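Residue-level listing of the chains:
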Amino acid sequence: MRRLYRLWLAILCAALLLPVAVAQTPPIAKSPLGKAPNTLSRGVFGEPDTLAPRESGVTSAQTMIRDLFEGLTTFDAAGAAIPGAALSWTVSADGLVYTFRLRPNLRWSDGTPLRADDFVWGWQHSLDARRPAARATRLYALRNAERIHRGESPVATLGARALDARTLQITLQYPVPWLPTLLAGEEGFPLPRHVIERAGTDWAKPGTHVGNGAYRLLSRRARGSVLLERNPFHHDAARVAIERIEYVPSNDTPSLVMRVRAGELAINGWPGYPGAQTQALTQELGATLVRRVPLYSVRYLRLNVARGPLRDPRLRRALALAVDRELLVRRVLASGERPSSRVLPAGLPFDLPPLEDPLRRGTQAARNAEARALLAAAGYPRADSAPLVFRVPSGNGEQMCVAVAAMWTALGIPVRIERSEISSMISDLRQGNFDIALTGAQEPPAVEPFLERFRAASTYNSGRYSSREFETALDLALQQADPQQRARGLQRAETLLNRDQPVVPLIEEVARNLVSPKVTGWQDNPLDIHLSRWLRLENSLR
């Protein structure tokens, strides 16, 4: 057995040494650093698909949207929810009704007054079954939101109403103790009705884009930079220090690192520098520039349970058992990540670990033996079995996926890695054009949103997982107001999810940021959310 393990390890090491074919990235436009005063250049991974809230699945777009819009609450520099467009709020005794009082004299970035019904209309617009937003399921906590999204109820029945121009009342389907954190993200952003009804789907483009955030859209070049300028109509504009933000998208994370080292970028952006470079970069640039912090984030492999051999839960469990997570974090990543056997990170409030965890049971050799037995019982692979298509975003997690593929190959599982740009990959995932895909989850510090990603109707459920038993258990848990009862209910739901194995858990992530010493106001936080409004440049005039 020891000899077989050494052979497997040799195969793995050989796989890690294979050259990785990375999709060619077009040249990036030269940064205007040094030309435009008080401009902060930030790197972002992937070309943004849209700058409309609740429509994008691309991290680069979501980062920009948080600068362009503001919810009822917002994130401070430490990633905590604080008052945003709302100055204050109250909560009913049963935790189901929130009443928000907006700040006086709020305006959109074109100067148009912003009122409470702009939030209500925005949520109704995103849920409208005739043209639902890509991330509409994130609003299901609002009363009747799911029925509206399914076309079973009119939008007017949504649990949100404007009591007057400055007062907004939200009624929930079930208690959501972390609602202020939810509303600080895209779920809480209003939409400019006066622009959308005039410009239609083109409203989020330069020239027509209107938001209510600390910045507004100035220009956007295809396959190039996105430029934002300080929004003079924002309620806190006087304290926004940096005049312009230049976002520089790239599908090549090493190039973002090089541009920070060359002084062309002040921040490299998620997913950060390669973990293997941590020590070298720290020695070269210093610990104040190389930032690393654990995240409320996990990475896992989505399995398409609706097609091919992955419909068999025995094969899905075999794939999960065969991954040596300790080896991944020690030998492949080596940057502070922790092995994960769950769909959520450890340490969340009121989290109870699942009742069973077969992915941590015994030694890796024993788990490999169990995987082989499951493969034999499933009769997989057959002589005519086609390789499983393993989708990986170029420049993000490739080495880890090559290692995992080598582990599976050592057990006789045929697999073929296909790399593509993140936007193209997300499009294919939404259409179900994959067998296995590297994805993951980053959420507020609560168990519920990590589990809700596995609802049949969830935008994130690209693997087409569907279990009435799991959703019933989740619904029962969410109805519990008592934290301990809710935690036990969520534990049961997660146990059912683990039994079905719709994903292969891999790691708990860390944020790896490069931040220029010229940037102040940056605070490492477990959400890795850093609004530009809190940052300052060393030579800032404001």
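Residues numbered from 1 in each chain as written. Predicted model: local features only at pLDDT ≥ 70, side-chain atom pairs only at ≥ 80, totals over all residues. Heavy atoms only, no water.

Asks: Is there a simple way to explain the overall build of the chain in this structure?
Replies: Counting its regular elements, the chain contains 16 helices and 18 strands. For the chain, whose C-alpha radius of gyration is 24 Å, the value lies close to the compact-globule estimate of 24 Å for 542 residues. Overall, the C-alpha framework of the chain stretches about 70 × 55 × 40 Å when taken along its three principal axes. In the chain, which comprises 542 residues, the proportion classed as buried is 58%. If you take every contact in the chain between residues at least 6 apart in sequence, the share linking residues at least 24 apart comes to 71%. Put simply, the chain shows about 22000 Å² of open surface, and 52% of that area lies on carbon and sulfur atoms. With 69 positive and 53 negative side-chain charges, the chain shows a separation of 2 Å between the mean positions of the two kinds. (Helix = DSSP H or I, 4+ residues; strand = E, 2+ residues; numbered from the N terminus. Rg over C-alpha atoms; globule rule 2.2 N^0.38 Å. Buried < 20%, exposed > 50% of the residue type's maximum accessible area, 1.4 Å probe, protein only. Contact = heavy atoms within 4.5 Å. Areas by Shrake-Rupley, 256 points an atom, 1.4 Å probe, with all protein chains shown as cover. Lys, Arg positive; Asp, Glu negative; His and termini not counted. Charge placed at Lys NZ, Arg CZ, Asp CG, Glu CD.)

Asks: Got a minute to help me understand the confidence of the model for the chain in this structure?
Replies: Low-pLDDT stretches of the model should not have their predicted coordinates read in fine detail. Model confidence for the chain is summarised by a mean pLDDT of 90, while 93% of its residues fall at 70 or above. Below a pLDDT of 50 lies the segment residues 1–11, which in the model reaches nine contacts outside its immediate sequence neighbourhood of four places, other chains included. Of the regions scoring below 50 in pLDDT, residues 14–35 engages in 38 contacts with residues more than four places distant in sequence or in other chains. (pLDDT = per-residue confidence, 0-100.)

Asks: When you look at the pattern of salt bridges in this model, what are you seeing that I'm missing?
Replies: Evaluated as defined, the whole model comprises 40 salt bridges. One salt bridge connects Arg135 with Glu186, and the closest N-O pair in it is separated by 2.8 Å. In this pair, Arg135 sits in the loop between helix H3 (116–127) and helix H4 (145–149) while Glu186 sits in the loop between helix H5 (179–183) and helix H6 (193–199), placing the two residues 51 residues apart along the sequence. The two residues Arg135 and Glu186 agree in class, both being buried. Put simply, Glu284 and Arg261 hold a salt bridge, and the shortest N to O gap is 3.1 Å. Of the two residues, Glu284 sits in helix H8 (residues 278–285) while Arg261 sits in helix H7 (residues 253–261), which places them 23 residues apart along the sequence. Taking relative accessible area as the criterion, Glu284 reaches 44% and is therefore assigned partly exposed. Through salt bridges with shared partners, one network takes in Arg135, Arg138, Glu186, Glu187, Glu443 and Arg453. (Salt bridge = Lys/Arg side-chain N within 4 Å of Asp/Glu carboxyl O.)

Asks: Help me understand the pairing of strand S4 (residues 86–91) in this model?
Replies: Each regular strand displays side chains that alternate between the two surfaces of the sheet. Here five bridges tie S4 to strand S5 (residues 97–102), and the two strands are oriented antiparallel to one another. Pairing of Ala86 across the sheet is with Leu102, part of S5. Hairpin connection of S4 to S5: five residues between the antiparallel strands, including Gly95 at a positive phi of 75°. (Pairing = 2+ DSSP bridges.)

Asks: Can you walk me through the sheet that holds strand S15 (residues 436–442) in this structure?
Replies: The strands that make up a sheet pair up through hydrogen bonds in the backbone, lying either parallel or antiparallel. Spatial ordering of the open sheet is given by S12-S16-S11-S15-S13-S14, a layout of six strands whose pairing is mixed. For this open sheet the edge positions go to strand S12 (338–339) and strand S14 (415–420), each flanked by a neighbour on one side alone. Pairing of strand S13 (residues 388–393) with S14 involves six bridges; the strand directions are parallel. For Val389, the partnering residue across the bridge sits in S14 and is Arg416.

Asks: Would you mind showing me how to read the packing of aromatic side chains here?
Replies: As enumerated under the stated definition, the model contains nine aromatic pairs in all. Between the aromatic rings of Phe119 and Trp123, the centroid separation amounts to 6.3 Å while the plane-to-plane angle is 55°, which identifies the pairing as tilted. Pair noted here: Phe119 and Trp123 are both in helix H3, with a separation of four residues, about one helical turn. Accessibility assignment for this pair places Phe119 and Trp123 in one class, buried. (Phe/Tyr/Trp six-rings, centres within 6.5 Å; stacked < 30°, edge-to-face > 60°.)

Asks: How do you make sense of the environment of Thr253 when you look at a structure like this?
Replies: Note that Thr253 resides in helix H7. Placed 143 residues apart in sequence, Thr253 and Asn396 show a C-alpha to C-alpha distance of 7.4 Å. Beyond its immediate stretch of four places on either side in the chain, Thr253 contacts Phe45, Pro271, Gly272 and Gly395.

Asks: In this structure, what is going on with the pairing of S5? I would like to understand it.
Replies: Note: S5 against strand S7 (residues 167–171), five bridges, orientation antiparallel. The residue bridging Thr99 from the neighbouring strand is Gln169, located in S7.

Asks: Teacher, can you tell me more about empty space enclosed by the protein here?
Replies: Empty pockets left among the atoms are what a rolling probe the size of a water molecule brings to light. Applying the stated criterion across every chain, the model contains six cavities of 30 Å³ or more. In this model, the largest cavity occupies a volume close to 230 Å³. In terms of lining residues, the largest cavity is bounded by 20 residues, among which Thr137, Arg138, Tyr174, Pro449 and Glu452 are the most central. Grouping the amino acids of the lining of the largest cavity by side-chain chemistry returns twelve nonpolar, two polar and six charged. (1 Å grid on protein atoms, 1.4 Å probe; cavity = no way out; pocket = protein on both sides within 12 Å on 5 of 7 lines; lining within 4 Å. Points joined across faces, edges and corners; volume = space filled by probe spheres on them. Nonpolar A, V, L, I, M, F, W, Y, C, P; charged D, E, K, R; others polar.)

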